[in-house]
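Geometric and topological summary
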Amino acid sequence: MSLGADLQIGFLVQAGTMRRFLRPGHDPVRERLKRELFQFNKQNDAVLQLSGTCWKKRSLLQLSFTLSVQHFVLLCAVTVYIITSLCSTIIKTVEHGFPHQPSALGYSPFLHLMAIGTRSGAIKLYGAPGVEFVGLHEENNTVMQIHFIPDQCQLVTLLDDNSLHLWSLKQRSGASELWEDHRFTLKGPPGSPPSATQITAVLPHSSREVLYLGTESGNIFVVELPSFGVLEDRTITSEAVLQWIPEDYCNRRSCELVEALQEHPKNPDQILIGYSRGLIVLWDRRDNKVTHHFLGSQQLENLSWQRDGSKFISCHYDGSYTQWPVSNDDRQSLPLENLVPYGPFPCKAISKIYWQTTRNGLPYIIFQGGMPRASYGDRHSISVIHGSQQIAFDFTSRVIDFFIIFSSEPTAEFDDPSAMVVLAEEELIVIDLKSAGWPAVHPPYLASLHCSAITCSHHVSNIPLKLWERIISAGSKQNVHYSNMPWPIDGGTNIAPDPPQRDLLLTGHEDGTVRFWDASGVCLHLLYKLSTVRVFLTDADPNDNMNTIGEDEWPPLRKVGTFDPYSDDPRLGIQKIYLCKYSGYLAVAGTAGQVLVMELNDEGAEHVVDHVEADLLQDQEGYRWKGHEKLKTRDGPVRFEAGFQPFVLVQCQPPAVVTSLALHSEWKLVAFGTSHGFGLFDHQQRRLVFVKCTLHPSDQLALEGPLSRVKSLKKSLRQSFRRIRRSRVSRKRRGVGGNTSETHEANGKFDQGMLQEMELAPVQRKIEARSAEDSFTGFVRTLYFADTFLRDSSHHCPSLWAGTNGGTVYAFCLRVPPAERRMDEPVRAEQAKEIQLMHRAPVVSILVLDGRNIPLPEPLEVAHDLSKSPDMQGSHQLLVVSEEQFKVFTLPKVSSKLKLKLTALEGCRVRKVMVANFGSCKTDDYNENDLTVLTNLGDIQIISLPFLKLQIRYPCIRKEDVSGIASCVFTKYGQGFYLISPSEFERFSLSTKWLVEPRCVVDVPEVSSNNHAHSRSVMENASRKSRCSGRSSGDYGEDERNSGRLMDHALLNDEKVLKEIQSTLEGGRGSFAERNLARSPVGHRLSNGGAD
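Residues numbered from 1 in each chain as written. Predicted model: local features only at pLDDT ≥ 70, side-chain atom pairs only at ≥ 80, totals over all residues. Heavy atoms only, no water.

Observations regarding the overall build of the protein
If you tally the helices and strands in the protein, you get 18 helices and 62 strands. The long-range fraction of contacts in the protein, counting pairs at least 24 apart against all pairs at least 6 apart in sequence, stands at 62%. Per element, the accessible surface of the protein, about 47500 Å² overall, is 49% carbon and sulfur. (Helix = DSSP H or I, 4+ residues; strand = E, 2+ residues; numbered from the N terminus. Contact = heavy atoms within 4.5 Å. Areas by Shrake-Rupley, 256 points an atom, 1.4 Å probe, with all protein chains shown as cover.)

Re the sheet that holds strand E7 (residues 154-159)
As summarised here, the arrangement of the four strands in space is E6-E7-E8-E9, forming an open sheet in which the pairing is antiparallel. The open sheet has two free edges, formed respectively by strand E6 (143-148) and strand E9 (175-185), since each of these has just one partner strand. Recorded for the sheet is a direction-independent mean angle of 25° between the axes of neighbouring strands. Across 10 bridges, the pairing between strand E8 (residues 163-172) and E9 is antiparallel. Looking across to E9, one finds that Leu 169 is bridged to Leu 178. (Pairing = 2+ DSSP bridges. Axes fitted to C-alpha atoms, helices over the stretch in contact; angles between N-to-C directions.)

Structural notes on helix H9 (residues 465-476)
With 12 residues, H9 ought to run about 16 Å at 1.5 Å a step, and its terminal C-alpha atoms sit 16 Å apart, in line with that. Where H9 is concerned, the buried positions are Leu 467, Trp 468, Ile 471, Ala 474 and Gly 475. Taken down its axis, H9 places every buried residue within 130° of arc, on the same side. On its buried face, H9 sits against strand E32 (504-509), strand E33 (513-518), strand E34 (525-531), strand E38 (594-601) and strand E42 (643-653). (Expected span 1.5 Å × (residues − 1). Buried < 20%, exposed > 50% of the residue type's maximum accessible area, 1.4 Å probe, protein only. Arc of directions from axis to C-beta.)

Things to note about the packing of aromatic side chains
Applying the stated criterion across every chain yields a total of 25 aromatic pairs. Here the aromatic rings of Tyr 321 and Phe 367 are separated by 6.0 Å at their centres, their planes lie at 40°, and the arrangement is tilted. Within this pair, whereas Tyr 321 is found in strand E20 (residues 321-325), its partner Phe 367 is found in strand E23 (residues 364-369), the two being separated by 46 residues in sequence. As far as the burial class goes, Tyr 321 and Phe 367 line up, both buried. When the ring of Tyr 978 is compared with that of Phe 988, the centres are 6.0 Å apart and the planes differ by 45°; the resulting orientation is tilted. Of this pair, Tyr 978 sits in strand E60 (residues 975-981) while Phe 988 sits in strand E61 (residues 984-991), and the two are 10 residues apart along the sequence. On the accessibility criterion, Tyr 978 (4% relative accessible area) is buried. (Phe/Tyr/Trp six-rings, centres within 6.5 Å; stacked < 30°, edge-to-face > 60°.)

Quick notes on the sheet that holds strand E24 (residues 380-386)
The strand order across the open sheet built from five strands is E22-E23-E24-E25-E35, with neighbouring strands paired in mixed fashion. A strand with exactly one partner marks an edge of an open sheet, and here the two such strands are strand E22 (350-356) and strand E35 (557-560). Averaged over neighbouring strand pairs, the angle between their axes works out to 20° when direction is ignored. Across six bridges, E22 lies against E23 in antiparallel orientation. Of the residues in E23, the one forming a bridge with Ile 350 is Gly 369.

Some details on the environment of Ser 418
The residue Ser 418 is located in the loop between strand E26 (399-405) and strand E27 (419-424) in this model. It is 9.5 Å that separates the C-alpha atoms of Ser 418 and Met 485, two residues lying 67 residues apart in sequence. What Ser 418 contacts, discounting residues up to four positions off in sequence, is Ile 405, Ile 431, Asp 432, Leu 433, Lys 434 and Met 485.

Concerning unusual backbone geometry
The amide bond that connects Leu 225 to the next residue, Pro 226, takes the cis arrangement and shows omega of 5°. Locating Pro 226 in the fold gives a position in the loop between strand E12 (220-224) and strand E13 (229-230). The linkage connecting Gly 343 with the following residue, Pro 344, adopts the cis geometry, with an omega of 10°. Looking at the element boundaries, Pro 344 is found in the loop between strand E21 (337-339) and E22. Positive phi, normally seen in glycine, also occurs at Phe 228, with a value near 60°. In this structure, Phe 228 sits in the loop between E12 and E13. Classification of Phe 228 by relative accessible area gives buried; the value is 3%.

Take a look at the structure:
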């Protein structure tokens, strides 16, 4: 029995004679108890301090002898409050995956940090693995541009509302955080059009004092940093530029939109300005004049300097680029070269270009776009030309931006580019420019989780080292085509402690693949990819290589990237995954009723996959499957690479979506369920043990399949009229029984006599029992293996439990032969129990508790000495979790013991549930098992076992985010993941002991004192507005940590704490969540390893 449960029971025993607090209005009992509580705080402070350090039950019993009964009740309430604080909280720690809808890219050669902006207004900084920062603009507008201030830990973002925002990396509590310092919107004179100040180009000057802002009107404004004050006397107007340009050109071309601003690499007083109509000028900012002008004839897209400043290159809308010399003798230079690389036919625009010098004399020319419009206009490409070598990298999604990593040393004579970093709309790709063939670099983070749409997730905690190494070994053989280059974006230092254990997150995908992710730390890293396509006959060739290049192909396209949203066959989609970390067995189930059982093999092999069909309808007449057909399997041996290799396929008939899956590796059994029934398969003997049809005669909808689910109008009308008829009959029955006035009088007397008792009872909603004729009542929601007492209280045996959508629980006794006769004797099964829940709500989970009220261990967990043997001496209990309530039954009689009505009391329904182990962040001597529950409202509730007491409730996911709620997966130690977008997992922690969060440091140079003062003031303002969203470290200062110390004198002098203790005494719900959310707002971070 958990300590929290002991305290609650003790409270109920001691306070049985006390009235609960009345919720509405003034309560004199509450006021009296409040005064006594303050008095108790003053008189017994020493006792409270003792209770903060003595958590064992005997210590509390010793204290009870010295305190009055009422004081002991208060002490119990305070202790429960503190235990809950030390064991549970909710912190959204890190976002895994690729940012959804990226819109801008920036890079700092000084910090070696990369920044990505999104359409939702988020900005994310990345450096070395584990170095991550996240900020969020208040406006939630699209981030258009990101520019780092040279040689500073600052960056500027431009949003689509024309506002500029200054961000800084500041050190606080030993770690760096991202703060928004200042915001600014460029305004023109009264009456001027919006285009006069619409920013199109931003140039942070190397002096770190000013920003140059090019606009649609052709004017260039200069603002100082960090105040964003406009220096009007330094504005570069289009009129000032045109007076230095020949008249004949001015008549044909005007200084319209500013497309590009580039500082001279050798002379910071000169700015290269490019206008959209093709005019390019070199502006001297000291003399305020044009020193050189270059008259282009095509619409300009971008500019790039050569390192020594003697030349620059311009790219244009017609798919051409031009080299221009810059000499002291000629103010109007002619182009050295004009080239259309993929001409002569019309080509798409070249939107960005780099000119990179090398020691061997051959430059790198790298540009985006330029493909022939007619044949390759739909390609997203970046071309790299180095001497005779030329490759057009073809990306699977639109290119947002890219940059080149090169030598940033001021004394370096050459650029010597080493890598190209490309931000595409759906993934990040890094190309190694040093190695032969220019291979891609395997990214340690920003993985494209949605390269094929995620269909399911499965988390496995504390992976054994041997299995971990075997999975990594299998994955390394798949990555031989990647470069060995170290990750080039390596800014900052990760100071977070090493992960305490090895965790795996498995994601199933629409294309029939399962990806194994290292979820131990901040970076979600791909370890291994498993494909089930080879087992089946599909249109795709599994040996097809996307990276092959034809010898004579032009343009020389090479496909890069892993994003491929198109599935060859939707029936391949993975729906359920179950991995046994001790045996290495893996079960995978799909959309077309396929269940594959696999084992890990360190070497590639070729073998035949056994095929077994399971007829879940059992040849019942009157049923006809209207959905998709099953997948066709390959005949003969199939070649599999090293890793998980399937050895048997169980095909469900009808081939409906597999809705539940369970694997018991010790008994060598796998159970599977669909909307028609469930079955048990012996994968050691390759034999089907039994099948059970759960289909109700009215479940015709279950026979239509997920790809053709169209509800009959006739059936809908029939069900509607039946509901109306039932409601009318029930009203008539309630009306029978005498005079209406007599009934009202009796009700009035009853209300007056029982008013007090009705106020004490919580309000319950009336929940109508579901009809057995509702559709999908046979839908199997959960399967569970347990070794428990099913027939009598003296003999335990293996068993299989199944829960359906109609509130039915089936229990089967299993006879598993001993190991020496396992291959000779068959596994036998016999139905022993059938439980029908009265409210017929869908059964979400089934759990058996042993004699010590502890959930039964996982298969082989005891054999590996990782768990204590279950208590088989005391009586076992069965916990059935439906969407509407939790109910505990005794075993083997299956008599109801207690229940918790969730829907009736809270108005919500259970969507996900799992047992989690919660430990204290202050001591290793205390831990307890509780239920973590996710509801359809997005709340997460922690419920104690076995007494089903609601401990705490946290809001986590928006109730409108249906996909996020459906994708949530809990871990064994109180963490969780859910999709906040198709490409991102949000990670959260309910445990104060197990936290995985970024904690890193970026060394900053010294800044001026006035800048420090300004940052402090802005920081205070941002804190008041809750605009800080730094993700790298704890957001609590020393004062906040002191205020949260255990059993501090101020604990009971705080009105919030007093209200929470009152709510605890009266059984109120949600107070703990309010406290924790007030103390730990979402977006702020605690230090790794425990709450501060």
